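If you want the building blocks of each chain, they are given just below.
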Amino acid sequence: MQLFLMRHGEAGYNAHSDRERKLTDLGRHHTALMSNWLGRSITEFDLVLVSPYLRAQQSWQEVSKHFPEPLHWITLDELVPSGNPGQVADLVLAYAEQYQAKNVLVLAHMPLLGYLVSELVAGEEPPLFATSGVALISRENEKNDLVWQHAPHSIS
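Summary of the structure given here.

Conventions used here
Residues numbered from 1 in each chain as written. Predicted model: local features only at pLDDT ≥ 70, side-chain atom pairs only at ≥ 80, totals over all residues. Heavy atoms only, no water. Axes fitted to C-alpha atoms, helices over the stretch in contact; angles between N-to-C directions. Helix = DSSP H or I, 4+ residues; strand = E, 2+ residues; numbered from the N terminus. Parallel < 35°, antiparallel > 145°, perpendicular 65-115°, else oblique. Left-handed = near helix turned anticlockwise from the far one by under 90°. Contact = heavy atoms within 4.5 Å. Nonpolar A, V, L, I, M, F, W, Y, C, P; charged D, E, K, R; others polar. Polar contact = N/O pair within 3.5 Å; in protein donor to acceptor, adjacent residues only side chain to side chain. Salt bridge = Lys/Arg side-chain N within 4 Å of Asp/Glu carboxyl O. Buried < 20%, exposed > 50% of the residue type's maximum accessible area, 1.4 Å probe, protein only. Pairing = 2+ DSSP bridges.

Here we look at the packing of helix H3 (residues 85–98) against helix H4 (residues 112–120)
Packing of H3 against H4 brings their axes to within 9 Å, and their N-to-C directions diverge by 70°. Here H3 lies roughly perpendicular to H4, going by the angle between them. The interaxial crossing formed by H3 with H4 has right-handed handedness. Facing Pro85, Gly86, Val88, Ala89 and Leu93 of H3, the residues of H4 in contact are Leu112, Tyr115, Leu116, Glu119 and Leu120. Partitioning the contact of H3 with H4 into residue classes produces 8 nonpolar, 1 polar and 1 charged.

Rendered as structure tokens:
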């Protein structure tokens, strides 16, 4: 299984709550740039798990323009900045197993994504994710490896 962890695009601060923050134009652009770049190495996602926060939902809207409709698309309330990384790792792996997904996209937030990498990959320190940044974790025989991590500025 290939597990793609992606941080939402840049969001503005003009909102009533953190949940309601919207993507900026730059956030949309960077998310589209990363999606286009991802599309060169992967053709589709079997399973997409997205945070309920507006900026993550809007990021998924941008990503979805570059890929066919996934077999399964789920908004997970646990994929919030303060989410429990152990619980989220278990949920992601359980959904992937349930749907026999080969390519999974998780679209969420910092600091959760950094801690999720540490939870999934033994000995890996929590990395920082730039907005629109993506990391690939490869899972074979219940062993997870961090293959790469990129941000909009590192792919051009």
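Moving on from the model shown.
Topic: the packing of helix H1 (residues 25–38) against helix H2 (residues 54–64)
Contact pair H1 / H2: the axes reach a minimum separation of 8 Å and the direction vectors enclose 45°. Classified by the angle their axes make, H1 and H2 are oblique. Where H1 crosses over H2, the two elements pack in a sense that is right-handed. Here Arg28, Thr31, Ala32 and Ser35 of H1 come into contact with H2, specifically with Gln58, Ser59, Glu62 and Val63. Per-class residue counts for the contact of H1 with H2 are 2 nonpolar, 4 polar and 2 charged.

Notes on the side chain of Asn144
Along the polypeptide, Asn144 turns up in strand E6 (residues 143–150). Within the structure, Asn144 has its side chain in polar contact with the backbone oxygen of Leu120 (distance 2.8 Å). A distance of 3.0 Å separates a polar atom in the side chain of Asn144 from a polar atom in the side chain of Arg139. For Asn144, the residues in contact, after removing those within four places along its chain, are Leu120, Val121, Ile137, Ser138 and Arg139.

Comments concerning the pattern of salt bridges
Applying the stated criterion across every chain, the model contains 5 salt bridges. Asp18 serves as the salt-bridge partner of Arg55, at 3.2 Å between the closest nitrogen and oxygen. With Arg55 in helix H2 and Asp18 in the loop between strand E1 (2–7) and H1, the pair connects residues that are 37 residues apart, well separated along the chain. A relative accessible area of 2% means that Arg55 is categorised as buried. The partner of Lys65 in a salt bridge is Glu62, and the shortest N-O contact between them spans 3.2 Å. A residue is classified by how much of its surface remains accessible, and Lys65, at 60% relative accessible area, is exposed.

Some thoughts on the sheet that holds strand E4 (residues 103–108)
As summarised here, the arrangement of the 6 strands in space is E3-E2-E4-E1-E5-E6, forming an open sheet in which the pairing is mixed. Sheet topology places strand E3 (72–75) and E6 at the edges, where each strand pairs with a single neighbour. Strand after strand, the sheet turns through a mean of 15° between neighbouring axes, direction not considered. Pairing geometry for strand E5 (residues 134–140) and E6, over 7 bridges, is antiparallel. When the bridges of E6 are listed, Leu136 appears paired with Trp148.

Thoughts on H2
Taking burial as the measure, the 11 residues of H2 include 8 buried ones, the bulk of the element. Every buried residue belonging to H2 is among Arg55, Ala56, Gln57, Gln58, Ser59, Trp60, Glu62 and Val63, and all of these are buried.

Observations concerning the pairing of E1
Pairing of E1 with E4, which is carried by 6 bridges, proceeds in the parallel orientation. Residue Phe4 lies in a different strand from E4, and its bridge partner there is Leu105. Inspection of the sheet shows E1 paired to E5 by 5 bridges, in the antiparallel sense. Within E5, the position partnered with Met6 by the bridge is Val134.

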